[in-house]
Amino acid sequence: MLGKTAGALYWMARYLERSENNARLIDAGFRIALTRSNTAAAEWRSVLVTAGQDYAFRQAHQDYHSQRVVDFMLRDPANPSSILSVIKQARDNARTARTYLTREAWEAVNTSWMTLGALLRRQVREDDLPDVLAAIRQQSGLVRGAFAGTMLRNDGYNFSRLGTFLERADNTARILDVKYYLLLPSVAHIGTSIDNVQWETILRSVSAHRAYHWLYGTEISALKIAEFLILYKQMPRSLAFCCDKMNDNLAWLQHAYDEETEAVRMGASLCRDRLSRPIASIFDGGLHEFITDFLRANAALARQIECDYRFVE
């Protein structure tokens, strides 16, 4: 497969995942701001920081009013990372790789782009925001279903899956960091049970609320939630799950091309060196520091994959 086509599939998947992840971040910010109306501006800023959009937002706006933040992240044409922008980029990449997609997969991506374009044509009212965010997540699920049900498990499929899980791991780490490091009222509260309502909000934002309670019962604690989102391999948005899937895809590509790459070594190291110790050890070293290190390593792996397989974005 040509590097340009492989890169188009990889970036298509990253942008599709990013659109859903940004919707989840907005949802988390919206829910948390509702519980802390007196510090809503700080909560929205933390969401922008997490999404890597704070600098761009501050170039255009003077304050963190909820409506302005939501509109910027959802549909602002001047924001290349808005959901409307990234879904267009996903569709453009899908069109580049059109001959490698099944009809169902292409139609799912194209329909998602058209549906969200119509949904976000106008500014979204606060009362309508939960339904709009749910629709964005639903469209993402429809695309995943088309891929899972119709695509050959070949190199194109593995490149797209690599993009999905790299992006998802990045998002889970960032959304966990928002809660644990940026949103707590003070450093003195780190590791306590003071903020159970907001921890539950984070679980809901990654569709993990019910699954967490199946596993841990009614107890809500920072330690257990962090363990669930970092180390629990059956949780499809945990860091461990994403890393395992990335390594599976990299191993398949290594076998298919009969070529050992640096990305394979780095993927194995990401799991072995960062996700093989108990959660208590991670907390002892500092959860924020762990997440920062993980994000750096995940980004380095993404760059190495692009280099090894000569992607053209």
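Further up the page is the structure itself.
Residues numbered from 1 in each chain as written. Predicted model: local features only at pLDDT ≥ 70, side-chain atom pairs only at ≥ 80, totals over all residues. Heavy atoms only, no water.

Engineer: Describe in detail the overall build of the chain, supporting the description with residues and values.
Structural biologist: Across its full length, the chain holds 15 helices and zero strands. For 313 residues, the compact-globule estimate of 2.2 N^0.38 gives 20 Å, and the C-alpha radius of gyration of the chain, at 19 Å, lies within 12% of that figure. Each of the three principal axes of the chain carries a C-alpha extent, and together these read 55 × 45 × 35 Å. Taking all 313 residues of the chain together, 55% fall into the buried category. At a minimum sequence separation of 6, the contacts of the chain that also span at least 24 residues come to 68%. On the chain, roughly 14200 Å² of surface is accessible, and the fraction owed to carbon and sulfur atoms is 50%. Treating the 38 positive side-chain charges of the chain as one cloud and the 36 negative ones as another, the clouds have centres 4 Å apart. (Helix = DSSP H or I, 4+ residues; strand = E, 2+ residues; numbered from the N terminus. Rg over C-alpha atoms; globule rule 2.2 N^0.38 Å. Buried < 20%, exposed > 50% of the residue type's maximum accessible area, 1.4 Å probe, protein only. Contact = heavy atoms within 4.5 Å. Areas by Shrake-Rupley, 256 points an atom, 1.4 Å probe, with all protein chains shown as cover. Lys, Arg positive; Asp, Glu negative; His and termini not counted. Charge placed at Lys NZ, Arg CZ, Asp CG, Glu CD.)

Engineer: How would you sum up the side chain of Arg14? Please name residues and give values.
Structural biologist: You can see Arg14 is positioned in helix 1 (residues 3-35). Arg14 has contacts with Gly163, Glu167 and Ala302, leaving out every residue within four places of it along the chain.

Engineer: Tell me what's going on with the pattern of salt bridges, and back it up with residues and numbers.
Structural biologist: Taken as a whole and judged by the stated rule, the model has 24 salt bridges. With its nearest N and O atoms 2.8 Å apart, the salt bridge here joins Glu167 to Arg14. Taken as a pair, Glu167 in helix 8 (residues 155-182) and Arg14 in helix 1 lie far apart in primary sequence, 153 residues in all. Given the relative accessible area of 5%, Glu167 is considered buried. (Salt bridge = Lys/Arg side-chain N within 4 Å of Asp/Glu carboxyl O.)

Engineer: I'd love a proper account of the nonpolar core, names of residues and values included.
Structural biologist: Of all hydrophobic cores here, the largest spans 100 residues; its most connected members are Leu74, Ile230 and Ile305. Of the residues forming this core, the biggest block, 15 residues, is contributed by helix 1. Once you skip the residues sitting within four places of it in the chain, Leu74 turns out to touch Ile26, Ser82, Ile83, Leu84, Leu120, Val124, Leu129, Leu133 and Ile136. (Core = buried A, V, L, I, M, F, W, Y, C linked by side-chain atoms within 4.5 Å.)

Engineer: Any details on the state of the cysteines? Residues and values, ideally.
Structural biologist: Defined simply, a disulfide is a covalent bond joining two cysteines at their sulfur atoms. Applying the stated rule across the entire model yields zero disulfides. Considering cysteine sulfurs only, Cys243 is the nearest to Cys242, which forms no disulfide, with 7.0 Å between them. A relative accessible area of 0% places Cys242 in the buried class. (Disulfide = S-S within 2.5 Å.)

Engineer: Got a sec to walk through the packing of aromatic side chains? Specific residues and values, please.
Structural biologist: For any pair of aromatic rings, the description rests on two quantities: the centre-to-centre distance and the angle between the ring planes. Applying the stated rule across the entire model yields twelve aromatic pairs. Considering the side-chain rings of Tyr216 and Phe228, the 6.1 Å spacing of their centres and the 90° angle between planes classify their relative orientation as edge-to-face. Of the two residues, Tyr216 sits in helix 10 (residues 209-216) while Phe228 sits in helix 11 (residues 222-230), which places them twelve residues apart along the sequence. For the pair formed by Tyr216 and Phe228, the shared burial category is buried. Taking 6.2 Å as the distance between ring centres and 45° as the angle between the ring planes, the aromatic pair formed by Tyr257 and Tyr309 counts as tilted. (Phe/Tyr/Trp six-rings, centres within 6.5 Å; stacked < 30°, edge-to-face > 60°.)

Engineer: Go over unusual backbone geometry, please, and point to the residues and values.
Structural biologist: A positive phi angle is found at Ser207, which is not glycine, with a value near 55°. The topology assignment puts Ser207 in the loop between helix 9 (196-205) and helix 10. At Asp258, a residue that is not glycine, the phi angle is positive and equals roughly 50°. Mapped onto the elements of the fold, Asp258 is located in the loop between helix 12 (239-257) and helix 13 (262-274).

Engineer: How would you explain the packing of helix 5 (residues 83-96) against helix 6 (residues 103-119) if you had to name every residue and give the values?
Structural biologist: Contact geometry for helix 5 and helix 6: axes closest at 9 Å, N-to-C directions at 155°. Relative to helix 6, the element helix 5 lies roughly antiparallel. The handedness of the crossing between helix 5 and helix 6 comes out as left-handed. On the side of helix 5, the interface is formed by Leu84, Ile87, Lys88, Ala90, Arg91, Ala94 and Arg95, while helix 6 contributes Trp106, Val109, Asn110, Ser112, Trp113, Leu116 and Gly117. Considering only residue class, the contact of helix 5 with helix 6 consists of eight nonpolar, three polar and three charged. (Axes fitted to C-alpha atoms, helices over the stretch in contact; angles between N-to-C directions. Parallel < 35°, antiparallel > 145°, perpendicular 65-115°, else oblique. Left-handed = near helix turned anticlockwise from the far one by under 90°. Nonpolar A, V, L, I, M, F, W, Y, C, P; charged D, E, K, R; others polar.)

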